[in-house]
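Chain residues, written in single-letter form:
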Amino acid sequence: MKSMKKIAIDTVFLNRRYSGISIVWYTLLKYLRPQGYEIILFKREDSYLPREILKKYKVISIRSFQDEFSDIPYVNYLCLANGINYFISTYYTYSTMVPCIVYVHDMIPEIFGYDFRSPMWAQKARCLANGKHFVCVSRNTKKDFERFYPNKQKGHLNYNALDTERFNQEDDSIIELLQINKPFFILIATNTDVYKNSAVLIRLFNLHPSLFRVFNFVCLSDKFDQNLGIKWAPKVSEAQLTSLYQKSIGLIQPSLYEGFGLPVIEAMYHRKNVLACDNSAISEIGLDNCVYFDPKDSDDLHDKIYEIHNGEHEPKKENGYKRAVSFCPESQVEEFNQIVNKLT
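Bear in mind the structure is a predicted one, so any value in this text is a computation, not a measurement.

Quick notes on the rules
- Throughout this document, residue positions are counted from 1 along each chain, in the order its sequence is written.
- In view of the model being predicted, local features appear only for residues whose pLDDT reaches at least 70, and side-chain atom pairs are presented and counted only at 80 or more, with totals across whole chains, interfaces and linings using the full set of residues.
- Hydrogens and water molecules were not included; the side-chain quantities draw on all heavy atoms of the structure.
- Segments assigned H or I by DSSP are reported as helices when at least four residues long, segments assigned E as strands when at least two residues long, and all are numbered from the N terminus.
- Our radius of gyration looks at C-alpha atoms and nothing else; its globule reference is 2.2 Å times the residue count to the power 0.38.
- Residue exposure (1.4 Å probe, protein chains only): buried if accessible area is under 20% of the type maximum, exposed if over 50%, otherwise partly exposed.
- Taken from the helix axis, the directions to the C-beta atoms give the arc we talk about.
- Only heavy atoms matter for contacts: two residues are in contact if any of them lie within 4.5 Å across the pair.
- Remark: nonpolar core denotes a set of buried residues (Ala, Val, Leu, Ile, Met, Phe, Trp, Tyr, Cys) joined through side-chain atoms within 4.5 Å.
- Working rule for helices: expected span equals 1.5 Å times residues minus one.
- Here a polar contact is recorded for every N or O atom pair within 3.5 Å, except that within protein the pair must consist of a potential hydrogen donor and a potential acceptor, and residues adjacent in sequence are included only if both atoms are side-chain atoms.
- Whether two strands pair comes down to DSSP finding at least two bridges between them.

Enquirer: I would appreciate a short explanation of the overall build of the protein in the present structure.
Expert: A count of helical and extended segments in the protein gives 15 helices and 13 strands. Over its C-alpha atoms the protein spans a radius of gyration of 21 Å, differing by no more than 12% from the 20 Å that the globule rule assigns to 344 residues. Once the C-alpha set of the protein is aligned to its principal axes, its extents read approximately 70 × 40 × 35 Å. The proportion of buried residues among the 344 residues of the protein is 58%.

See below:
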């Protein structure tokens, strides 16, 4: 009788509980129903996993990540000691003793010319060089991966999924906490990296301060600008996030590039207009359900904000909702099972 494949998943990235990549992994692990293989979680000391996931899988507690070159022999030992056939990392750790399935979330460092001498990006490059199989979360990411790494095996496509159960509860305390007292937009510009394009927001607010007389703007990030009109909410619960989505006018996602664009489908699921730039996976995920603006033109963004406020893009909301729910966990799980069971 053929033995069942054992696949280890390293939870190294799941110490960043509120990150989009973490949410992607929580969704996959929650809904996954392994067929013909077993999942074993290598749970890092500092990672967070919901109780339902901990109860679902075999869990081996391991030490926190320290550095790449001390981690490799440690991961190798764990894989060999536990009879692992394939190793998957939530973020670019790897084994050199068993085949690695590498999840490719984006090609941001490659496209924007990050310094690959820095430890984080050097590790990504070595992880990809070492990888045997690759799973990309959008067609755009797959295309970019194959462009930058033409000598590697072509990537499998498996779209991220939207777990709508995350939005079953609301907590309106966030509205009072942030002192929201006007119609408001949610801003997604989670850091000052060039690709997040926070520069267009800073220009928008500097050139059009009158916006604050009409609207509130809630930025789901740590503070990166001193403008007193922005309300900062770097860490909100899912119930609070649900309230923000439900009560907002819409979402502004100004990125120059994204590997997928989870906030886009979250907002569309809540039947909200999404203001975004027509590029990368954003266009692929949002299609014509987004309201697109010129990424360098704050005046264009200003005008589109008022178009949404005036109800000029209402028809996009229902079609956006239908697009969002098409990214269902069942499809992601089915595709994952097919990919794994074709591996050699």
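Enquirer: Looking at this model, I keep getting lost on helix α6 (residues 139-148). Mind explaining?
Expert: The α-helix advances 3.6 residues per turn, and as a result positions three or four apart in sequence lie on the same side. Every buried residue of α6 is accounted for by N140, T141, D144 and F145. Projection of α6 onto a plane perpendicular to its axis shows the buried side chains occupying an angular sector of 135°, all on one side. Exposed side of α6, more than 90 degrees from the buried face: R139 and R147 are the residues found there. Buried residues in α6 make contact with β5 (100-104), α4 (108-111), α5 (119-130), β6 (133-136) and α12 (280-286).

Enquirer: Help me understand the nonpolar core in this model?
Expert: In globular proteins that are soluble, nonpolar side chains generally tend to be buried together. With 61 residues, the main nonpolar core has L244 and I265 as its most contacted residues. The biggest single contributor to this core is helix α1 (residues 20-31), with seven residues. Not counting residues up to four positions away in its chain, the partners in contact with L244 are I174, I175, L178, I180, F184, I186, V218 and L220. Counting residues in each nonpolar core, the second largest holds 28 residues, with I72, I84, C100 and Y149 among its members.

Enquirer: What is the right way to read helix α3 (residues 68-81) from this model?
Expert: In this model α3 runs 20 Å from its N-terminal to its C-terminal C-alpha over 14 residues, within 8% of the 20 Å that 1.5 Å per residue would give. Restricting attention to buried positions, one finds in α3 the residues E68, D71, I72, Y74, V75, N76, L78 and C79. The inward-facing, buried residues of α3 contact β2 (37-44), β3 (58-62), β4 (86-89) and α5. Taking the backbone nitrogen of F69 as reference, a side-chain oxygen 3.1 Å away marks D67 as the first, capping residue of α3. Where α3 ends, the next residue or the one after it, G83, has phi of about 65°, a positive value.

Enquirer: How should unusual backbone geometry be read in this particular structure?
Expert: Backbone geometry at Y92 places phi at a positive 65°, although glycine is not the residue there. Topologically, Y92 is positioned in the loop between β4 and β5. Even without a glycine there, the phi angle at R271 is positive, about 55°. Mapping R271 onto the fold places it in the loop between α11 (262-269) and β12 (273-276). On the basis of relative accessibility, which here comes to 35%, the residue R271 falls in the partly exposed class.

Enquirer: Help me out: how do you make sense of the side chain of S243 in this one?
Expert: One can find S243 in helix α10 (residues 238-247). In this structure S243 comes out as buried when scored by relative accessible area, which is 0%. Beyond its immediate stretch of four places on either side in the chain, S243 contacts E170, D171, D172 and I174.

Enquirer: Honestly, the sheet that holds strand β1 (residues 5-10) in this entry has me stumped. Any pointers?
Expert: Note: strands within a sheet are paired through backbone hydrogen bonds, in either parallel or antiparallel orientation. Pairing within the open sheet is parallel, and its seven strands lie in the order β3-β2-β1-β4-β5-β6-β7. Sheet topology places β3 and β7 (156-157) at the edges, where each strand pairs with a single neighbour. Summarising the sheet, β2 and β3 pair through five bridges and their orientation is parallel. Counted as the bridge partner of L41 is V59 from β3.

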